[in-house]
2 protein chains.
Amino acid sequence: MGLIDSTMNNVRPPDGRAMSAARTRLDSLLKPPGSLGRLEDIAVKLAGIHGSVGGSVRKKTILVMCGDNGVTEEKVSSFPSEISTLVAEMMLRGMSGVSVLARHAGAELVVVDLGLYGDVTRGGIVDRKIRRGTSNMTKGPAMARDEAVRAIEIGIEETNGAIDAGADILGTGEIGIGNTTTSSAVLYALTGWNIDEIVGRGAGLTDDGLRHKKDVIRRALELNRPDPADSVDVLAKVGGFDIAGLAGCYLAAAARRRPIVIDGFIAGAAAVAAVKMHPGARDFMFTSHASAEPGVAVISRILGLEPILALDMRLGEGTGAALVFQVIEGAVKIINEMGTFKDIGM
Amino acid sequence: MGLIDSTMNNVRPPDGRAMSAARTRLDSLLKPPGSLGRLEDIAVKLAGIHGSVGGSVRKKTILVMCGDNGVTEEKVSSFPSEISTLVAEMMLRGMSGVSVLARHAGAELVVVDLGLYGDVTRGGIVDRKIRRGTSNMTKGPAMARDEAVRAIEIGIEETNGAIDAGADILGTGEIGIGNTTTSSAVLYALTGWNIDEIVGRGAGLTDDGLRHKKDVIRRALELNRPDPADSVDVLAKVGGFDIAGLAGCYLAAAARRRPIVIDGFIAGAAAVAAVKMHPGARDFMFTSHASAEPGVAVISRILGLEPILALDMRLGEGTGAALVFQVIEGAVKIINEMGTFKDIGM
């Protein structure tokens, strides 16, 4: 049995008894019942994940999966592919968006190169390069099936590594010019959702650019005909190394019972792929924020998850995950530290 | 000239030049322009407040204004008034919702008794008691005009005190059983907005309770006929010590150019009263979260402010403010610490 199957075999449902106990505890706290709204729901969900009330989410790790995409040959992005490697460099130098916000949140960053065109010279990069960029999906499959399997396995391995190093909660991010195109293709292939509701302007496309992007996605789907019931096939034919790696992160988090925060559209498309592989993975996921990228709303609906922040961010990288870690940790502290009506003799 | 007028005279508009400089700096950062969404807007607004790019919001203080309300005689709340003093006690003991979340955010709490029925014995309470509870507004004005003036002045003085002690950013909270009724009355009197869109279930009213609450508010308005153009008159006749104190907080924050976070419905009604007194106060306000209390959406529309969190909280106390402090500080760190395209030679 391969790593993917053995990981999926370890996914168990949330602990209903712990969730009930959390709800009872929340109702005993010195506040009108339910008045902390979704902060209470977060605490209940965490209890289900931990199998007990009030487990810790102190040590925070953001996993950033990086890979370049051959489909950028079709000019689907307003930025050149060289940017991906440069952003990964900047991330490790502490100067990208997520590095600033991770530092702010006290979170560690794990930056994994699964398939960047360039080589990141900065120390700290986790070199798991499968290939320098995927193939152009309008001319054939983006990767071979075994490459997609390898990318998912790397996501699982790096997530297991982060958990072994003590991570209580995980966030997900990605780097890869062209990856809103590949994510849109993955989401479209998996769900058949209306393409106009899925495909957005990414890093800043014009109207013409947007039409072209949809056309590229349609052509890739027609040529490769991925099987909607087989996430690995979809990820291989029209996905990317980053998306496949992220799908592995979600599966590993579920198997190891750690909460994991989806950040934005690309990570969300990967989450949908993971949930198609194992529906139980959903119970360990949180979404960070409503994004300006239209497909994010579709993903939230498919996964049945509601965003925590209302900031219209669309940078990705894991920036939203870094911001919501504090909110999720706040929910745990509420259930652990607030006084009860009993404490005041009522 | 009294303290209120001298405070309002010191309110200056945001610094447009600093805001432009912030926008330019944000566009130079290593990310697609605008891709950090409203996090960028927050950084720009802060630049306007500080008069320069990237000022600090490190020291955080939440001002909690406490007062009881005579209108609770009309049974508008599902909790007895004694709870107010007990909650203030628990807050100072570190066991209320906001004390947990303020500790989590590294924020200081300043808990001010402007008119609780009981006496808070716990050390740390700021005793500025005007009277033990307001009068029942269905039988006459809740307070005399000079009491409302005094409450606003106390809000100003405590805010100035917090700023003198180093506060870079302020949050607002309140304690006072019955204060969703008084806030609804204030908002209705000031704006004439449809009462059904303003009045909610507070700490958990039934349908009958909700109808009764609206009836109480209508009766109070008919009897007292507050002048919608005069916030002090409205606060005196149908407000509360907590709401009037909070209005003072917003005015002082604007005069001293400190960002101030509104938390929930009661604080929001006070913010509307403050903005009616000086429209420039609005430029220093942030709203924390969309609330389950329906009037919060009305307040956001009136103030033109968009919430940062999507958590449906309605506890008040300043809980939402504590959670968004981290997000606002994240926005400052982004503009201060992120790398630029220039840094990578582009």
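Just so it is clear, the model here is predicted, and its values are computed rather than measured.

Along chain A, the regular secondary structure elements total 14 helices and 8 strands. Referenced to the eigenvectors of the C-alpha coordinate spread, the extents of chain A come out at roughly 70 × 45 × 40 Å. For chain A, the exposed surface amounts to about 11,400 Å²; the carbon and sulfur share of it is 49%. Looking at chain A, you have 38 positive and 41 negative side-chain charges, and the mean spots of the two groups are 3 Å apart.

A few words on the sheet that holds strand 5 (residues 260–262) of chain A. Backbone hydrogen bonds hold the strands of a sheet together, and the pairing may be parallel or antiparallel. All names here are of chain A. The strand order across the open sheet formed by 6 strands is 3-2-1-4-5-6, and the pairing between neighbours is parallel. A strand with exactly one partner marks an edge of an open sheet, and here the two such strands are strand 3 (126–127) and strand 6 (285–287). Summarising the sheet, strand 5 and strand 6 pair through 3 bridges and their orientation is parallel. Across the sheet, Val261 pairs through a bridge with Phe286, a residue of strand 6. Of the strands in this sheet, strand 1 (60–67), strand 2 (107–115), strand 4 (169–175), strand 5 and strand 6 are in contact with helix 14 (residues 319–337), which crosses strand 4 at around 170 degrees.

The next point concerns the relation of the copies chain B and chain A. In the superposition of chain B on chain A (RMSD 0.0 Å, axial shift 0.0 Å), the rotation amounts to 180 degrees. These values place the two chain copies in the arrangement generated by a two-fold rotation axis. Residue B:Leu309, judged by its C-alpha, is the member of chain B lying nearest the rotation axis, at 2.3 Å.

All names here are of chain A. If you check the domain split of chain A, you get domain 1 (3–55 + 332–344) and domain 2 (60–329). Just the C-alpha atoms count here: the centres of domain 1 and domain 2 sit 28 Å apart. Each partner contributes to the interface: domain 1 provides 20 residues, whereas domain 2 provides 28 residues. Across the domain 1 to domain 2 interface the summed buried area is about 2,100 Å²; carbon plus sulfur atoms make up 67%. Joining domain 1 to domain 2, the criterion identifies 1 salt bridge. Here Arg38 makes a salt bridge to Glu306, at a shortest N to O gap of 4.0 Å. Counting across the interface, domain 1 meets domain 2 through 11 residue pairs in polar contact (both at pLDDT 80 or more). When contributions to the side of domain 1 that touches domain 2 are tallied by element, the ones reaching two or more residues are helix 1 (3–9), helix 3 (37–50) and helix 14. Considering each element in turn, the side of domain 1 that touches domain 2 owes the most residues, 8 residues, to helix 3. In the side of domain 1 that touches domain 2, the residues fall into 11 nonpolar, 4 polar and 5 charged.

Often, the extent of an interface is quoted as the loss of accessible area on bringing the components together. Opposite the 50 residues of chain B that make contact, chain A presents 50 residues. In total, about 4,300 Å² of surface goes out of reach between chain B and chain A, with carbon and sulfur atoms giving 71% of it. The largest per-residue losses of area from chain B upon contact with chain A belong to B:His104, B:Leu311 and B:Leu315, which jointly make up 13% of the total buried on that side. For the pair chain B and chain A, the number of links is 2 salt bridges. We note a salt bridge from A:Arg103 to B:Glu337, for which the minimum N-O separation is 2.6 Å.

Residue and element names in this part refer to chain B. Sheet architecture is open: 6 strands sit in the order 3-2-1-4-5-6, paired in parallel fashion. Whereas interior strands pair on both sides, the edge strands pair on one side only; in this sheet they are strand 3 (126–127) and strand 6 (285–287). When strand 2 (residues 107–115) meets strand 3, the two strands line up parallel, connected through 2 bridges. What sits directly across from Asp113, in strand 3, is Asp127. On the sheet, helix 14 (residues 319–337) packs against strand 1 (60–67), strand 2, strand 4 (169–175), strand 5 (260–262) and strand 6 and is oriented at approximately 170 degrees with respect to strand 4.

Residues and elements named next belong to chain A. Here helix 3 crosses helix 14 at 80 degrees, and the two axes come no closer than 8 Å. Considered as vectors, helix 3 and helix 14 are oriented roughly perpendicular to each other. Between helix 3 and helix 14, the residues in contact are Leu39, Ile42, Ala43 and Leu46 and Val327, Ile328, Ala331, Val332, Ile334 and Ile335, respectively. In terms of residue class, the contact of helix 3 with helix 14 is built from 10 nonpolar, no polar and no charged.

Take the packing of aromatic side chains next. All chains considered together, the criterion is met by 2 aromatic pairs over all chains. On the numbers, 6.1 Å between centres and 5 degrees between planes, the contact of A:Phe79 with B:Phe341 is stacked. Placement of A:Phe79 in the loop between strand 1 and helix 4 (82–92) and of B:Phe341 in the segment after helix 14 is noted, with the two residues assigned to different chains. It is B:Lys45 that lies over the ring of B:Phe286; its NZ or CZ is 4.7 Å from the centre.

Counting buried residues in helix 5 (residues 97–105) of chain A gives 8 out of 9 residues, a clear majority hidden from the surface. Buried residues of helix 5 of chain A: A:Gly97, A:Val98, A:Ser99, A:Val100, A:Leu101, A:Ala102, A:His104 and A:Ala105, and no others. Buried-residue contacts for helix 5 of chain A involve strand 1, helix 4, strand 2 and helix 14 of chain A together with helix 3 (37–50) and helix 14 of chain B. Positive backbone phi, approximately 70 degrees, marks A:Gly106, located one or two places after helix 5 of chain A.

Moving on: the pattern of salt bridges. Residues and elements named next belong to chain A. In this structure the tally under the stated criterion is 48 salt bridges over all chains. The shortest N-O distance in the salt bridge between Asp164 and Arg256 comes to 2.9 Å. One end of the pair, Asp164, is in helix 6 (residues 145–164); the other, Arg256, is in the loop between helix 11 (241–255) and strand 5, and 92 residues separate them in sequence. Asp164 sits in the exposed class, given a relative accessible area of 58%. Residues participating in the shared-partner salt-bridge network are Arg128, Arg150, Glu153, Glu157 and Glu158.

This part is about unusual backbone geometry. The backbone of A:Lys75 sits at a positive phi, close to 55 degrees, despite the residue not being glycine. Of note, the phi angle at B:Arg257 is positive, near 55 degrees, even though the residue is not glycine. The residue B:Arg257 is located in the loop between helix 11 (241–255) and strand 5 in this model.

Extensive coverage of helix 10 (residues 231–238) of chain A is indicated by the burial of 7 of its 8 residues. Those residues of helix 10 of chain A that fall on the buried side of the exposure criterion are A:Ser231, A:Val232, A:Asp233, A:Val234, A:Leu235, A:Ala236 and A:Val238.

Here we come to the confidence of the model for chain A. For chain A, per-residue confidence averages 94 on the pLDDT scale, and residues scoring 70 or more make up 99% of the total. Listed scores for the predicted complex are pTM 0.93 and ipTM 0.91.

Tracing the backbone through its elements, the reader meets A:Val87 in helix 4. Of the residues examined, A:Val87 reaches a relative accessible area of 9% and is grouped as buried. Sequence separation between A:Val87 and A:Gly51 is 36 residues; the distance between their C-alpha atoms is 38 Å. Beyond its immediate chain neighbours, meaning those up to four positions away, A:Val87 contacts A:Ser96, A:Ile175, A:Glu317 and B:Leu30.

Cut-off values and rules
Residues numbered from 1 in each chain as written. Chains lettered and ligands numbered in written order. Predicted model: local features only at pLDDT ≥ 70, side-chain atom pairs only at ≥ 80, totals over all residues. Heavy atoms only, no water. Helix = DSSP H or I, 4+ residues; strand = E, 2+ residues; numbered from the N terminus. Areas by Shrake-Rupley, 256 points an atom, 1.4 Å probe, with all protein chains shown as cover. Lys, Arg positive; Asp, Glu negative; His and termini not counted. Charge placed at Lys NZ, Arg CZ, Asp CG, Glu CD. Pairing = 2+ DSSP bridges. Contact = heavy atoms within 4.5 Å. Axes fitted to C-alpha atoms, helices over the stretch in contact; angles between N-to-C directions. Least-squares fit on C-alpha atoms with pLDDT ≥ 70 in both. Domains from an automatic or database assignment. Buried area = accessible area lost by both parts, 1.4 Å probe. Salt bridge = Lys/Arg side-chain N within 4 Å of Asp/Glu carboxyl O. Polar contact = N/O pair within 3.5 Å; in protein donor to acceptor, adjacent residues only side chain to side chain. Nonpolar A, V, L, I, M, F, W, Y, C, P; charged D, E, K, R; others polar. Parallel < 35°, antiparallel > 145°, perpendicular 65-115°, else oblique. Phe/Tyr/Trp six-rings, centres within 6.5 Å; stacked < 30°, edge-to-face > 60°. Lys NZ or Arg CZ within 6 Å of the ring centre and 35° of its normal. Buried < 20%, exposed > 50% of the residue type's maximum accessible area, 1.4 Å probe, protein only. pLDDT = per-residue confidence, 0-100.

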